[in-house]
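Single-letter residue listing:
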Amino acid sequence: MAVVPTLANAPRDILREVFTHGVIYGMTVNNKGERVELRATLSAVCHQWKTIVDATPLLWSLVYITLGRPPSRESWDLAMARSGTQPLDITVRSGGCPFEKELSAVTHVMQLLTPHIRRWKLIHLSLDDMVNVKAAVSLWKGTADALEEIFLSSEPECDSDIEVELALDPTFTAPKLQVFALYDIPIMKGGGRLPKHFPVLDELSLVRSTFTETTGNSWPRLAQVLKNLKHLRSLNFVPEHGGDDDDDEDEDEEDEDEDDENVPDVSSLPSLPALEELIVMDMSLSAINKLLGTFTAPRLSKLEIASYESGDDEEERLPKTKKLLNRFPSLRTLRLCDSVDAMELENVKYLAEDFERLEITHVDLEPLFQMLTKRTTRSKWPIPRLRSMEMHFGEKVPVAALRGLVEACATAGHAIESVAVHTASQCPQKDNSWFGRNVQKFSWTSVSDIHAGASSVTLVYGPRA
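The rules we used
Residues numbered from 1 in each chain as written. Predicted model: local features only at pLDDT ≥ 70, side-chain atom pairs only at ≥ 80, totals over all residues. Heavy atoms only, no water. Helix = DSSP H or I, 4+ residues; strand = E, 2+ residues; numbered from the N terminus. Buried < 20%, exposed > 50% of the residue type's maximum accessible area, 1.4 Å probe, protein only. Contact = heavy atoms within 4.5 Å. Phe/Tyr/Trp six-rings, centres within 6.5 Å; stacked < 30°, edge-to-face > 60°. Axes fitted to C-alpha atoms, helices over the stretch in contact; angles between N-to-C directions. Parallel < 35°, antiparallel > 145°, perpendicular 65-115°, else oblique. Nonpolar A, V, L, I, M, F, W, Y, C, P; charged D, E, K, R; others polar. pLDDT = per-residue confidence, 0-100. Salt bridge = Lys/Arg side-chain N within 4 Å of Asp/Glu carboxyl O. Arc of directions from axis to C-beta. Expected span 1.5 Å × (residues − 1). Left-handed = near helix turned anticlockwise from the far one by under 90°. Core = buried A, V, L, I, M, F, W, Y, C linked by side-chain atoms within 4.5 Å.

Counting its regular elements, the chain contains 15 helices and 15 strands. Within the chain, the fraction of its 465 residues that count as buried is 49%. Taking the contacts inside the chain whose residues are at least 6 apart along the sequence as the reference set, 77% of them involve residues at least 24 apart.

Turning our eyes to something else, we now look at the packing of aromatic side chains. In total, this model carries 10 aromatic pairs according to the counting rule given. Consider the rings of F172 and F198, whose centres lie 6.3 Å apart with planes at 85°: the pair is edge-to-face. Of this pair, F172 sits in the loop between strand 4 (149-153) and strand 5 (179-183) while F198 is found in the loop between helix 7 (194-197) and strand 6 (203-207), placing the two residues 26 residues apart along the sequence. The class for F172 is buried, based on a relative accessible area of 0%. Its relative accessible area of 0% is what places F198 among the buried residues. Pairing W219 with F237 gives two aromatic rings, centres 5.4 Å apart and planes at 80°, and the pair type is edge-to-face. Here W219 is found in helix 8 (residues 219-226), whereas its partner F237 is found in strand 7 (residues 234-238), with 18 residues between them in sequence. Of the residues examined, F237 reaches a relative accessible area of 4% and is grouped as buried. Within the aromatic cluster, the residues linked to one another by ring pairs are W120, W140, F172, F180 and F198.

Once that is clear, we can look at the packing of helix 1 (residues 12-23) against helix 2 (residues 32-45). Contact geometry of helix 1 with helix 2 gives a least axis separation of 9 Å together with a crossing angle of 150°. In this view, helix 1 runs roughly antiparallel relative to helix 2, as classed from their interaxial angle. Residues F19, G22 and V23 of helix 1 lie in contact with helix 2, whose contacting residues are R35, L38, R39 and L42. For the contact of helix 1 with helix 2, a count of residues per class yields four nonpolar, one polar and two charged.

With that settled, the discussion passes to the confidence of the model for the chain. Across the chain, pLDDT averages 85, with 87% of residues at or above 70. Taken as a whole, residues 246-260 scores under 50 in pLDDT and shows 26 contacts with residues more than four places along the chain or in a different chain.

With respect to the helices and strands, T411 occurs in helix 14 (residues 399-411). According to the relative accessible area criterion, T411 is exposed, its value standing at 68%.

The next point concerns the pattern of salt bridges. Close approach of charged atoms allows side chains with opposite charge to pair. Across all of its chains, the model carries 19 salt bridges by this definition. Between R403 and D431 there is a salt bridge, with its nearest N and O atoms 2.8 Å apart. Taken together, the residues span a long stretch of sequence, with R403 in helix 14 and D431 in helix 15 (residues 429-438) at a distance of 28 residues. A relative accessible area of 6% places D431 in the buried class. Through salt bridges with shared partners, a single ionic network connects K302, E304, R335, R357 and E359.

Before going further, it helps to examine unusual backbone geometry. For R208, which is not a glycine, the phi torsion comes out positive at approximately 50°. Along the polypeptide, R208 turns up in the loop between strand 6 and helix 8.

Another aspect to go through is helix 8. Think of an α-helix as 3.6 residues a turn; residues three or four steps apart then line up on the same face. Along helix 8, the residues that are buried comprise W219, L222, A223, V225 and L226. Around the axis of helix 8, the buried residues are gathered within 160° of arc, so they sit on the same side. If you follow the buried residues of helix 8, they end up packed against strand 6, strand 7 and helix 10 (285-292).

As a further point, take helix 14. For helix 14, built from 13 residues, the straight-helix expectation of 18 Å at 1.5 Å per residue is met to within 8% by its first-to-last C-alpha distance of 18 Å. Among all positions in helix 14, only V399, A401, L402, L405, V406, A408 and C409 are buried. On its buried face, helix 14 is in contact with helix 13 (365-377), strand 12 (386-393), strand 13 (418-423), helix 15 and strand 14 (441-446). Two residues or fewer past helix 14, G413 is found with a positive phi of approximately 90°.

Attention now moves to the packing of helix 14 against helix 15. Running from N to C, helix 14 and helix 15 point in directions that differ by 15°, and their axes come no closer than 11 Å. As summarised for this structure, helix 14 and helix 15 are arranged roughly parallel, according to the angle between their axes. For the element pair helix 14 and helix 15, the recorded crossing hand is left-handed. Residues V399, L402, R403, V406 and E407 of helix 14 form the contact with helix 15, whose participating residues are D431, W434, F435 and N438. Broken down by class, the residue content of the contact of helix 14 with helix 15 amounts to five nonpolar, one polar and three charged.

Ranked by internal contacts, the top residues of the largest apolar core, which has 114 residues, are L125, W140 and F180. Beyond its immediate sequence surroundings of up to four residues, F180 is in contact with I150, L152, M188, L194, F198, L201, E203, L204 and S205. F19, I24, V53 and W60 belong to the second-largest nonpolar core, a separate cluster that totals 14 residues.

Rendered as structure tokens:
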């Protein structure tokens with residue numbers, strides 16, 4: 001009688017590999033808290049599995065702490081002993097902790113964590129009260145040799161002291177830090193010292209957060225802080241109030257800002273030499289223009305505008321936006337995330353016509369295709385450089401509208417060469433045959449992990465004549 005293999009009689013090395021993929025790499029669950037619970041569940045199955053879990057240091061490198069149920073000293077010391085010398089992936093959240101007890105709870109947790117600071121690889125700290133975030137971070141001292149990512153956030157609705165300033169201890173450094181993210185941290189003291197704390201910083205996120213030097217959405221002073229981050233490749237920026245409450249010393253030049261011809265002399269601006277990606281969110285065109293006018297970035301290749309804030313003066317400001325964008329010689333990609341509905345299609349066309357790649361996400365593609373088809377047919381928007389389209393559909397694919405666009409482009413004499421569709425549904429045979437005849441390269445990939453309702457399209461253009 002054949003023996004049916006099961007996990008119960010699988011070799012220990014195979015079990016260890018399966019456990020690692022589940023707990024560390026999130027093969028079965030994404031949430032870190034659930035992955036830590038999975039580790040406890042595996043330990044409870046049988047003595048053999050508990051032995052394997054306890055003897056696998058990598059499984060204990062994942063640390064997830066809720067302040068509502070912080071670990072005891074005994075359980076923490078045991079977990080750290082089991083983790084060996086593994087770098088630690090740490091998450092600390094309020095997790096049901098009463099507001100008045102959050103400070104004492106996070107102080108206790110930091111006293112457990114900081115002796116292992118040299119092994120920190122990632123630390124995500126999300127608390128309700130900004131004052132408590134400041135208190136926790138003030139305990140970070142010395143060199144975090146393995147640290148690659150810091151994420152700090154507070155609750156914006158919290159009734160706390162909004163004037164409190166977060167500050168890093170002068171002795172705290174992370175020589176390998178790549179990612180530094182601040183979410184709802186109103187003020188951080190000493191932005192100019194960031195290169196000393198994080199000399200190779202690659203990604204910076206300022207989400208409703210700023211530095212003491214740049215309060216009031218002062219774009220010129222922000223550029224002066226950022227220019228010293230010589231390795232900064234990606235900047236994610238979400239200002240307070242859409243970035244329109246600029247109260248810096250250049251306010252007197254507001255009338256000049258209305259002048260579309262007023263584009264700053266690049267030789268006088270600070271340079272961000274490594275910046276390749278700029279993401280701006282919840283900003284008006286006025287604020288975007290102010291930001292773009294304060295720096296140069298010779299390697300900037302991608303601009304993302306997310307959750308764009310429309311304004312009545314959009315058409316008047318667009319010419320200046322276009323001139324500012326032309327100052328970045330490597331800029332090739334424009335990404336509009338959840339922004340097309342707020343920006344008129346003709347203005348999208350005007351802004352994107354010099355790019356080689358246009359990415360539009362969180363958009364209803366059927367009316368978009370229909371509008372593009374009408375403009376192509378009427379020659380109001382001929383798109384002779386359009387070479388390929390790649391689409392992701394969370395719901396039913398508007399095949400008829402897509403076919404109409406492909407056909408209109410071919411009739412207009414600039415056929416689309418490549419069409420790629422990613423969706424959860426299957427392609428009808430007749431449509432598959434039609435695209436096969438009318439497009440040089442066509443693919444329809446059925447995938448199961450596309451979020452319902454989330455549709456996007458990427459348009460790739462050939463070089464300008």
